[in-house]
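Notes for the structure review
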Amino acid sequence: MDERTELIEDLKEQIRFLKEIGVDSLSADLPAYEPEPDHELAHADFQTYVPTEEDLAVSKPASPAGRKESPRSPRRSDILSSVRLSDREIRDTANETLERSEEKPAEPVRIATHMEDASEGLFGDLSKGLPESDETLGDIRQDIGPDCTRCKLCETRTQVVNSVGNPNADLMFIGEAPGADEDVQGEPFVGRAGRLLTKIIEAIDLKREDVFIGNINRCRPPDNRRPMADEASVCKPFLLREIAVVRPKVIVVLGNTACQNLLETNTGITRLRGKFLDYFGIKVMPTFHPAYLLRDPRKKREVWEDLKLVREVLNDSAE
């Protein structure tokens with residue numbers, strides 16, 4: 001197959017995928033300004049440092065002689081460009097105004113090389129990857145119980161929403177937390193975002209029953225807010241036990257909260273998506289959450305590129 005034929009076939013495949021997941025138009029007319037998505041910034045509850053007003057004040061260069069400048073309030077983009085989430089950087093305080101700092105080279109992504117303390121007791125030595133597990137998914141579900149009261153989400157949820165799917169799956173999807181539909185039906189990813197996820201799974205030649213699907217949290221947070229750090233830390237050990245039982249070849253983490261929580265990083269999903277990361281011997285592909293794709297369908301193409309890489313790994317492992 002020559003290069004031109006291969007390019008045409010790839011284009012046909014992308015068009016087929018985009019149609020399957022609901023893209024009605026392939027127009028290239030884009031707005032001049034694209035708003036920043038909710039899920040692309042590190043959530044405050046998972047940041048290691050929250051800047052104070054003192055930290056945000058920096059010296060402002062003197063204005064040219066005879067020229068007066070009106071003070072302005074700090075803009076959100078200024079603050080984000082001037083404050084790193086993982087490494088605290090104290091700045092000199094002089095004026096209350098804030099100027100954009102000079103661009104710095106991107107720092108390497110830091111992924112945790114150990115699981116949190118609550119999980120280490122369950123898994124023991126993880127230096128050589130996930131250990132063998134002699135429990136079943138049913139054992140884990142029974143341990144959680146239908147009336148879990150380990151965190152405050154029990155006060156507002158309808159029911160616990162446990163992970164579902166093939167216990168021998170090669171592919172696992174991890175999201176953030178149940179939404180309203182999931183809270184009622186008791187199964188993850190059954191609302192609009194869930195139906196889109198099903199189409200994405202089918203686009204890579206799999207069925208929903210072939211994969212394993214879960215969330216960082218098993219109870220719906222009020223008003224669909226992100227899980228708090230203490231809420232996530234209670235649920236995460238059960239998810240890690242499920243990973244040890246299923247032992248997937250690839251995990252796809254959907255959105256910032258799932259990605260940052262599982263990998264213990266403050267790096268945003270935009271920087272992490274599109275390349276595999278190692279998680280105790282398992283390949284992890286971060287990508288956008290289906291709920292975000294419903295708000296911005298243009299990102300579906302990027303998710304398709306991510307999932308094609310996932311499909312290649314799964315196909316290679318099956319040979």
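Remember, predicted model here, so these are calculated numbers, not experimental data.

Moving on, we come to the pattern of salt bridges. Taken as a whole and assessed by the stated rule, the structure comprises 15 salt bridges. With a shortest N-O distance of 3.1 Å, glutamate 231 and lysine 152 are connected by a salt bridge. On the criterion of sequence distance, the pair formed by glutamate 231 in helix α8 (residues 229-246) and lysine 152 in the loop between α5 (137-144) and β1 (164-165) is long-range, its members being 79 residues apart. The partner of arginine 273 in a salt bridge is aspartate 306, with the nearest N and O atoms 2.7 Å apart. Of this pair, arginine 273 sits in the loop between α10 (269-272) and β5 (277-279) while aspartate 306 sits in helix α12 (residues 300-318), and the two are 33 residues apart along the sequence. We note that arginine 273, like aspartate 306, is buried. One continuous salt-bridge network, built from bridges that share partners, spans Lys152, Arg225, Asp230 and Glu231.

Counted according to the given criterion, the structure contains two aromatic pairs. Ring centres of tyrosine 279 and phenylalanine 280 lie 4.8 Å apart, and the angle between their planes is 75°; on these two criteria the pair is classed as edge-to-face. With respect to burial, tyrosine 279 and phenylalanine 280 carry one shared label: buried. The ring centre of phenylalanine 276 lies 5.6 Å from the NZ or CZ of lysine 283, which sits over that ring.

Let us now look at the sheet that holds β1. Reading across the sheet, the six strands line up as β1-β3-β2-β4-β6-β5 and stay open at both edges, with mixed pairing between neighbours. Only two strands of the sheet have a single neighbouring strand rather than two, namely β1 and β5. Relative to strand β4 (residues 250-254), strand β2 (residues 171-175) runs parallel, the two being bridged by four bridges. Of the residues in β4, the one forming a bridge with phenylalanine 173 is valine 252. Strands in contact with α12 are β2, β4 and β6 (282-287); relative to β6, the strand with the most contacts, it is inclined by about 165°.

Turning to helix α9 (residues 256-263), a few remarks are in order. Burial analysis of α9 places eight of its eight residues in the buried class, the great majority of the element. In this structure, the buried residues of α9 make contact with β2, α8, β4, α10, β5 and β6.

By the secondary structure assignment, asparagine 215 is in strand β3 (residues 212-215). In terms of polar contacts, asparagine 215 uses its side chain to reach the backbone amide nitrogen of alanine 177, at 3.5 Å. For asparagine 215, the contacting residues outside a window of four places in its chain are Ser163, Ile174, Gly175, Glu176, Ala177, Pro178, Pro188, Phe189 and Leu239.

Put simply, helix α7 (residues 192-203) and α12 touch, their axes get as near as 10 Å, and they point 45° apart. Considering their axes alone, α7 and α12 lie oblique with respect to each other. The handedness of the crossing between α7 and α12 comes out as right-handed. Residues Leu196, Ile200 and Ala203 of α7 form the contact with α12, whose own contacting residues are Lys300, Val303, Trp304, Leu307 and Arg311. Tallied by class, residues from the contact of α7 with α12 come to six nonpolar, no polar and two charged.

Of all residues in the protein chain, 62% attain a pLDDT of 70 or more, and the chain-wide mean is 76. A low-confidence stretch, residues 27-70 stays under pLDDT 50, and its non-local contacts, those more than four residues away or across chains, total 83 contacts. A low-confidence stretch, residues 76-108 (pLDDT under 50), is modelled with 69 contacts involving residues beyond four sequence positions or located in other chains.

This paragraph deals with the pairing of β2. Counting buried positions along β2 yields five of five residues, so the element is predominantly enclosed. Residues Leu171, Phe173 and Gly175 of β2 are buried on one face, and the alternating residues Met172 and Ile174, pointing to the opposite face, are buried as well. Sheet analysis places β2 next to β3, joined by four bridges and oriented parallel. Across the sheet, residue isoleucine 174 finds its bridge partner in β3, namely glycine 214.

Backbone geometry places aspartate 205, a non-glycine residue, at a positive phi of 70°. If you trace the backbone, aspartate 205 turns up in the loop between α7 and β3. Notably, asparagine 224 is not glycine yet its phi reads approximately 60°, a positive angle. Within the element layout of this structure, asparagine 224 appears in the loop between β3 and α8.

Rules behind the numbers
Residues numbered from 1 in each chain as written. Predicted model: local features only at pLDDT ≥ 70, side-chain atom pairs only at ≥ 80, totals over all residues. Heavy atoms only, no water. Salt bridge = Lys/Arg side-chain N within 4 Å of Asp/Glu carboxyl O. Helix = DSSP H or I, 4+ residues; strand = E, 2+ residues; numbered from the N terminus. Buried < 20%, exposed > 50% of the residue type's maximum accessible area, 1.4 Å probe, protein only. Phe/Tyr/Trp six-rings, centres within 6.5 Å; stacked < 30°, edge-to-face > 60°. Lys NZ or Arg CZ within 6 Å of the ring centre and 35° of its normal. Pairing = 2+ DSSP bridges. Contact = heavy atoms within 4.5 Å. Axes fitted to C-alpha atoms, helices over the stretch in contact; angles between N-to-C directions. Polar contact = N/O pair within 3.5 Å; in protein donor to acceptor, adjacent residues only side chain to side chain. Parallel < 35°, antiparallel > 145°, perpendicular 65-115°, else oblique. Left-handed = near helix turned anticlockwise from the far one by under 90°. Nonpolar A, V, L, I, M, F, W, Y, C, P; charged D, E, K, R; others polar. pLDDT = per-residue confidence, 0-100.

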